[in-house]
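Below, each chain spelled out in residue letters.
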Amino acid sequence: MRLKRFQPNRTNINSFMKTPETGREVERIAGRIAASAAGAEGKFRTDSALGSRRWRAAVIGNYNWPKSGGLAGSRRDLLRGMGGARGE
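An account of the accompanying structure is given in this report. Quick caveat: nothing in here was measured; it's all calculated off a predicted structure.

1. Some points on the environment of glutamate 27
- Relative to the elements of secondary structure, glutamate 27 occurs in helix α2 (residues 20–37).
- Residue class for glutamate 27 comes out partly exposed when judged on its relative accessible area of 36%.
- A C-alpha to C-alpha distance of 8.0 Å links glutamate 27 and aspartate 47, two positions 20 residues apart in sequence.
- For glutamate 27, the contacting residues outside a window of four places in its chain are Ser48 and Trp55.

2. Structural notes on the pattern of salt bridges
- The full count for this structure, using the stated rule, is five salt bridges.
- A salt bridge links arginine 80 to aspartate 77, with the nearest nitrogen and oxygen atoms 2.9 Å apart. On the criterion of helical spacing, the pair formed by arginine 80 and aspartate 77 is a turn pair, its members being three residues apart in helix α4 (residues 70–84).
- When its relative accessible area of 1% is taken as the criterion, aspartate 77 is described as buried.
- Each of Arg76, Asp77 and Arg80 takes part in a single network of salt bridges with overlapping partners.

Conventions adopted
- Residue positions are counted from 1 within each chain, in the order its sequence is given.
- Reporting of local features is limited, given that this is a predicted model, to residues whose pLDDT is at least 70; pairs of side-chain atoms are given and counted only at 80 or more, and all residues count toward the totals for whole chains, interfaces and linings.
- Only hydrogens and water are set aside when side-chain values are computed; all heavy atoms of the structure are taken into account.
- A run of H or I in DSSP counts as a helix once it spans at least four residues, and a run of E counts as a strand once it spans at least two, with each numbered from the N terminus.
- Each residue's exposure class comes from its accessible area (1.4 Å probe, protein chains only) as a fraction of the maximum for that residue type: buried when under 20%, exposed when over 50%, partly exposed otherwise.
- Any two residues whose heavy atoms approach within 4.5 Å at even a single point are treated as in contact.
- Any carboxyl oxygen of Asp or Glu that lies within 4 Å of a side-chain nitrogen of Lys or Arg is treated as forming a salt bridge with it.

See the structure below:
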């Protein structure tokens, strides 16, 4: 007996990646990362948009440079935020 190779239904997957529910989830996760990263002294913001293929979101840097440690501190806070956003 020969097994069939798995073939994902790309049309349905792509349509799922554009739903409002998916957009809300992407925004929620970006918000959690920003909140976790801002725990120190930083200020982070989020941006999200529906692209041609899927929702995308970004957590945009720390604008409180003197208290954060500059570029290295902003990077550190974002990485910590990504780790801290996993809980719940």
